[in-house]
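# Notes for the structure review
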Amino acid sequence: MSGLTYFARSHVQRTFEQLMNVLPSQLKEKPQVILLAGGITPFRNDTDRELPFRQESNFYYLTGCSVPGSFLLALYQPEQTNSSTRLSVRLSIPEVEAADLMWSVPPPTIEEAKHLFDVTDISYSSELQGAITLLLQSHPEAVFHTLPRNSPQFPTLPEEYMATIVTSETHTATDAYLLSSLHKTRLIKDENEITMLRHANDISSRAHETSHARFGQRSAGIDRPLLPGEWLIEKEAEAEAIFVASCRREGAVHQAYLPIVAASRRAATLHYCCNDREFTWGPVKPHDHLNHGALAHGPAPEKQLEPQLLLIDAGCEWDCYSADITRTMPVGNGGKFTEKGKHIYSLVLEMQQKSMKNLRPGVHWDTIQLLCHQILVEGFLNIGLFKGPKDEILRSGISSAFFPHGVGHSLGMDVHDVPSASKPTNNTTIPQDKVGHPSFYTYLRLRLPLAEGMVVTVEPGVYFHEHLLKAIEESEYVNRDLLKEYRGMGGVRIEDDILITSDGCENLTKVRSDVEWLESVCSGDI
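First, a word on scope: everything that follows refers to the structure included in this document. Computed from a predicted structure; not experimentally measured.

## A short note on the overall build of the protein
Scanning the protein for helices and strands turns up 18 helices and 16 strands. The C-alpha atoms of the protein give a radius of gyration of 26 Å, which matches the 24 Å a tight globule of 526 residues would have. The principal-axis extents of the C-alpha atoms in the protein amount to approximately 75 × 65 × 40 Å. Expressed as a percentage of its 526 residues, the buried residues of the protein come to 52%. Of all intrachain contacts in the protein linking residues separated by at least 6 positions in sequence, the fraction that spans at least 24 positions is 74%. Accessible surface for the protein amounts to roughly 23,700 Å². Of this, 52% is attributable to carbon and sulfur atoms. The centroid of the 48 positive side-chain charges in the protein is displaced by 6 Å from the centroid of its 67 negative side-chain charges.

## Re the environment of Leu310
Mapping Leu310 onto the fold places it in strand β8 (residues 308–314). For the pair Leu310 and Pro94, spaced 216 residues apart in sequence, the C-alpha to C-alpha distance is 46 Å. In this structure Leu310 touches Phe215, Ala239, Val261, Ala262, Ala263, Phe279, Arg327, Thr328, Met329 and Val331, once residues within four positions along its chain are discounted.

## What to know about the nonpolar core
In this structure, Leu310, Trp365, Phe380, Phe402 and Phe464 are the most contacted members of the largest nonpolar core, which totals 82 residues. Setting aside residues no more than four positions away along its own chain, Phe464 makes contact with Ala268, Ile344, Phe380, Leu385, Phe402, Leu469, Leu483, Tyr486, Arg487, Met489 and Gly490. In this structure, Cys65, Leu72, Ile110 and Cys320 belong to the second largest nonpolar core, which totals 45 residues.

What counts, and at which threshold
Residues numbered from 1 in each chain as written. Predicted model: local features only at pLDDT ≥ 70, side-chain atom pairs only at ≥ 80, totals over all residues. Heavy atoms only, no water. Helix = DSSP H or I, 4+ residues; strand = E, 2+ residues; numbered from the N terminus. Rg over C-alpha atoms; globule rule 2.2 N^0.38 Å. Buried < 20%, exposed > 50% of the residue type's maximum accessible area, 1.4 Å probe, protein only. Contact = heavy atoms within 4.5 Å. Areas by Shrake-Rupley, 256 points an atom, 1.4 Å probe, with all protein chains shown as cover. Lys, Arg positive; Asp, Glu negative; His and termini not counted. Charge placed at Lys NZ, Arg CZ, Asp CG, Glu CD. Core = buried A, V, L, I, M, F, W, Y, C linked by side-chain atoms within 4.5 Å.

Structure representation (structure tokens):
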């Protein structure tokens, strides 16, 4: 990020302070060093063809640098009373190779990098070994912290850098503390990070609006290949292309995750990323969607889409910060929900809205998960899908067959952000649930009390997945006859990104989700 607007040094400072909280007492008084490798440009197997590069999140958090092949060497001296000398942050970047200039964009020069990155010192990577040696000599008892070594999840530190440290008799090298400290630090976002998350949400919200609007438009009488803005969206891939193109048009290079664009029954698959089917038309039968290219190539009068739901779960990144937004919309039926589709959509919207009204510091995320199941059970009783006492149904756990995942997760540089901090192994905060069922919490990715500065997704859903329904369809609490009428629906999910504030929350996601707006856009009324 340019203009020194990414405050990397403050992130390094906060990370060292978190490290000091978890280090054993015998290490706390010693100089602390962080040594990290950034990512390198990946290549397709057995070829010289580059794959898209995206910087490793922890490295970017501490440097703001997306230059492949870079390194970080940071020193923290807790005994120093002068704040200007207590912390030093050295960024090493690759030198420009003349032979590469005609093939790829060169890295910045040292002078250019000084204006780009918020660090103490910048040098070329070829000088890093000398810097490590000098640091070892000047701080003989320093503790070197790295990300887990020999792990495929993180960039590899070259052996020559580690060998000097590991063989030293006076220095300590450990990978036991840094990752968890980084995760705890990254869990709470600063204003700079919130600005980037907000921008990623703004771009992604407009991309969702653009995708919605294509369903309400028709491009008739054009005797040439259609431009992207004129496409008739009749395939999942086309809806994905519109979304991604809208994000790229606004400068977002990466999607935060593989977009999920799932029509009809496929919307019941939570991480459906194939996006390779046409929408359904005619009677929908299991495993028989009767497309065969007819929608794309048949005459206009034959393009009668079967009433169905389309779920789009997609969000872009802005400078390595993610948006994660899901909308479910009506397709066919003139852009209107069917009666049953509206029942389920309105129930999920109620689950989300009531969840967000309860978000504030101190509220445990398990409480929000339980609330969603309570609303679902009550809604299914009203619709007639469930029968029997509400409390008994809750304790039975059968609602997990329809809402099997967590209501949300931490969001930041990664979509499922900072897992070790969001769902710690040793967790003393979990409340005792005497109302619900253990299956409600199986797939929760966040199990903490909320705190100011957290950013979380709120994404309840209701699904009719054959695999999950088989386990509960004979339950005494399920109306089997009515369930048959819903089984082909697929699923509904609504997801917004939420900032926890001092006294409540702020919704960073701007695209609307109310039924009136969705039907107006998808039918072409607006």
